[in-house]
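# Examination of the molecular architecture
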Amino acid sequence: MLRSKAFSLLKPIPLMSGQSNLAYKFIHPAIASHGHCCHRRSVDYRQRYKTHPGSAGGRTISAPQTKVMAEEELPGVLILDIGGTHGVLENLAALLKKHFRLITMKEFLQNKKEMSKKIQSIFVFECRPTIDRELLESLPNLKVIGNSGVGVDHLDLKMISSFGVKVTNTPHAVADPTADIGMALMLASARRLVEGCQTAVSPDTKYFAVGWLGVEVTRATLGIIGMGSIGYRVAQRARAFDMRILYHNRNRRRKEEEEAVGAHYCEKMEDLLQQSDFVMLVVNLTPETHKLIGKKELGLMKPTATLINISRGAVIDQDALVEALQNKVIRAAALDVTYPEPLPRDHPLLKLNNIIITPHIGTATVQAIRMMAEEAITNMLAVLNGQPIPSEVFPK
């Protein structure tokens, strides 16, 4: 709710024209087409991409361009709502309208017979709308679900696939901002920034205690669990702090990639836990990673270590974490994710002073939110046009 309200205040970012076609930025030549072939339409769904020179790092991608068409000719996309507490942000809705006819859940439920035939795609924003069997059975022409974000643990991939529907996500848009929040949490926890701010602004503060100390990040050991695109970007940032970088991953990175960031592979996660001053979780939530960090794993960590989670809340056994923080088994924790979100107001994690919790804001930037929508649009249009899909997610 906090995140949705905050983003509702954002204004659209003006698009820039010109520059090179980046259609292949997200499409590796080895990727074969998995798209459904649509009936020929009067619209050209082939995408063109343009860089936005004013964006940070030049990474923001403008939306695909299509021929101007009447709204009723555009393929229908189902969304929960526009604006409000849980709806698609208004500036993102305007972006979607350039390529789709927007149909809200309310409009769909009011006129299922007509609207069900028009809906060919669903845009999932902040895990909404909920995709269940009843909804899929009512959408005979649905071809693709475009998820805004990389995590798809809220989607039943096998069930969706059984309806012949594709699922896509947006991994390219989330990597940098999520890595940024990981570093921010590590630094904030190490230097006790939240406590320090509270002390500095408190009306009861008369002096600053000389014994109020944090720990240093520079030259400390960082253990990264999950060395995908986000984890690797965390390592790139950590190298600037002269950190010793350990990582544990299902698959080892290439030697040149390890050398580029000075990372050392730990085949056993236990080895990483025992050596690290900071442990950062950057894994997808799967049955294998559910409660990956529990009492045993916390007990292996140094008593001076900090646990940082930027993946999903259920990756940690939160009851075990409460116990570890209360008993000083580890020094501190910094979480951008919890289970559930938000936590119940009487949850014991909220009563501890050696923890920082932020409201799942890893991708909560103006640039990332827009780029995720653009990437989702790119994916959905690729499916509708029978083109190679840049970021398809397959059921395991």
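## Quick notes on the sheet that holds strand E5 (residues 166-168)
- Across the sheet, which stays open at both edges, the five strands sit in the order E2-E1-E3-E4-E5 with parallel pairing between neighbours. Of all strands in the sheet, those bounded by a partner on one side alone are strand E2 (101-104) and E5. Between one strand axis and the next, the sheet turns by 25° as a mean value, whatever way the strands run.
- Where strand E4 (residues 144-148) and E5 come together, three bridges link them in parallel fashion. Each bridged residue has a counterpart across the sheet, and for Ile145 the counterpart in E5 is Val167.
- On top of the sheet, helix H2 (residues 90-97) reaches strand E1 (76-79), E2 and strand E3 (119-125); it is set at about 130° to E2, its chief contact.

## Some details on the pattern of salt bridges
- All chains considered together, the criterion is met by 13 salt bridges.
- For Glu258, the salt bridge identified is with Arg252, shortest N-O distance 2.7 Å.
- Across the pair Glu257 and Arg253 runs a salt bridge, and its minimum N-O distance is 3.3 Å. The residues Glu257 and Arg253 share a single accessibility class, namely buried.

## Considering helix H7 (residues 171-190)
- Look at H7: 29 Å from first C-alpha to last across 20 residues, which is about the 28 Å you get at 1.5 Å a residue.
- Within two residues after H7, Arg192 carries a phi angle of roughly 55°, on the positive side.

## A word on the packing of aromatic side chains
- Tallied over the entire structure, the rule returns two aromatic pairs.
- Centroid distance Phe123 to Phe125: 6.3 Å. Interplanar angle 20°. Geometry classified as stacked.
- A residue is classified by how much of its surface remains accessible, and Phe123, at 0% relative accessible area, is buried.
- Pairing Tyr247 with Tyr265 gives two aromatic rings, centres 5.2 Å apart and planes at 55°, and the pair type is tilted.

## A short note on the packing of H2 against helix H14 (residues 366-384)
- Orientation of H2 relative to H14, taken along the N-to-C sense of each, is 25°, at an axis distance of 10 Å. Judged on the interaxial angle alone, H14 and H2 are roughly parallel. For the pair H2 and H14, the sense of crossing is right-handed. From H2, Leu92, Leu95 and Leu96 reach across to H14, where they touch Ile369, Arg370, Ala373, Glu374, Ile377 and Met380.
- When the residues that make up the contact of H2 with H14 are grouped by side-chain class, the tally is seven nonpolar, no polar and two charged.

## Things to note about the pairing of E2
- Alternating residues of E2 divide into Arg101 and Ile103 and Leu102 and Thr104, and every residue in both groups is buried.
- One ladder, built from four bridges, connects E1 with E2; its direction is parallel. Bridging from a neighbouring strand, Gly76 pairs with Arg101 of E2.
- Read from E1 through H2 to E2, the crossover connection turns out right-handed.

## A look at the sheet that holds strand E10 (residues 306-309)
- Read from one edge to the other, the open sheet built from seven strands follows the order E8-E7-E6-E9-E10-E11-E12, with strand pairing classed as parallel. Because the sheet does not close on itself, it has two edges, and the strands there are strand E8 (263-265) and strand E12 (355-357). Across the sheet, the mean angle separating the axes of adjacent strands is 20° when strand polarity is ignored.
- Relative to E8, strand E7 (residues 244-248) runs parallel, the two being bridged by three bridges. Within E8, the residue paired with Ile245 across the bridge is Ala263.
- Across the sheet, H7 lies against strand E6 (221-225), strand E9 (278-281), E10, strand E11 (332-335) and E12, angled at about 150° from E11, the strand it touches most.
- In the packing of helix H13 (residues 318-326) onto the sheet, contacts are made with E10, E11 and E12, and the angle to E11 comes to roughly 140°.

## Some words on the side chain of Glu297
- Its place among the elements puts Glu297 in helix H12 (residues 295-300).
- Among buried charged residues, Glu297 stands out as having no salt bridge; its nearest opposite-charge side chain is Lys296, 5.2 Å away.
- Among the polar contacts listed, one links the side chain of Glu297 to the backbone nitrogen of Gly294, at a separation of 2.8 Å.

## Here we look at the pairing of E3
- Among the seven residues that make up E3, seven are buried, leaving the element largely enclosed by the rest of the structure.
- Sheet topology places E1 next to E3; three bridges connect them, and they run parallel. Bridge pairing in E3 places Val77 opposite Ser121.
- Two elements, E3 and E4, share five bridges in a ladder whose sense is parallel. By the bridge assignment for E4, Phe123 is matched with Gly146.

## Structural notes on unusual backbone geometry
- With omega at -5°, the peptide bond leading from Tyr339 into Pro340 counts as cis.
- Turning to its location among the elements, Pro340 is positioned in the loop between E11 and E12.
- Here the bond from Glu341 into Pro342 is cis, since omega is -10°, no more than 30 degrees from zero.
- Inspection of the secondary structure puts Pro342 in the loop between E11 and E12.
- The phi angle at Arg219 is positive, at roughly 65°, despite the residue not being glycine.
- In this structure, Arg219 sits in the loop between helix H8 (193-201) and E6.
- One non-glycine residue, His360, adopts positive backbone phi at about 55°.
- Its relative accessible area of 23% is what places His360 among the partly exposed residues.

Analysis parameters
- Here the residue numbering is sequential within each chain, running from 1 through the sequence in written order.
- Restriction of local features to residues with pLDDT of at least 70 applies here, the model being predicted, together with a cutoff of 80 or more for giving and counting side-chain atom pairs; totals for whole chains, interfaces and linings are based on all residues.
- Computation of side-chain values: all heavy atoms of the structure, hydrogens and water removed.
- Strands qualify as paired when DSSP identifies two bridges or more between them.
- Per the convention used, a helix needs a DSSP run of H or I reaching at least four residues, while a strand needs a run of E reaching at least two, with both numbered from the N terminus.
- Working convention: axes come from line fits to C-alpha atoms, limited for helices to the stretch in contact. Angles between N-to-C directions cover 0 to 180 degrees.
- In what follows, a contact means two residues having at least one pair of non-hydrogen atoms within 4.5 Å.
- One side-chain nitrogen of Lys or Arg within 4 Å of one carboxyl oxygen of Asp or Glu is enough to make a salt bridge.
- Burial status follows relative accessibility: with a 1.4 Å probe on protein chains alone, a residue under 20% of its type maximum counts as buried, one over 50% as exposed, and anything between as partly exposed.
- Every helix has an expected span of 1.5 Å times one less than the residues it contains.
- Any pair of Phe, Tyr and Trp rings, taking the six-membered ring for Trp, is counted once the centres come within 6.5 Å. Such a pair is stacked with planes under 30 degrees apart, edge-to-face with planes over 60 apart, and tilted for the rest.
- When describing relative orientation, an angle under 35 degrees is termed roughly parallel and one over 145 degrees roughly antiparallel, while 65 to 115 degrees is termed roughly perpendicular and anything else oblique.
- What makes a crossing left-handed is the near helix being turned counterclockwise from the far one by less than a right angle; a clockwise turn instead makes it right-handed.
- Throughout this entry, Asp, Glu, Lys and Arg are counted as charged residues, while Ala, Val, Leu, Ile, Met, Phe, Trp, Tyr, Cys and Pro are counted as nonpolar. The remaining residues, Gly among them, count as polar.
- The path from the first strand over the helix to the second decides the hand: if it runs clockwise while the strands point away from the viewer, the crossover is right-handed.
- Neither His nor the chain ends is counted toward charge; the positive residues are Lys and Arg and the negative residues Asp and Glu.
- Two N or O atoms count as a polar contact when they lie within 3.5 Å, although within protein this holds only if one can serve as hydrogen donor and the other as acceptor, and sequence-adjacent residues are included solely when both atoms are side-chain atoms.

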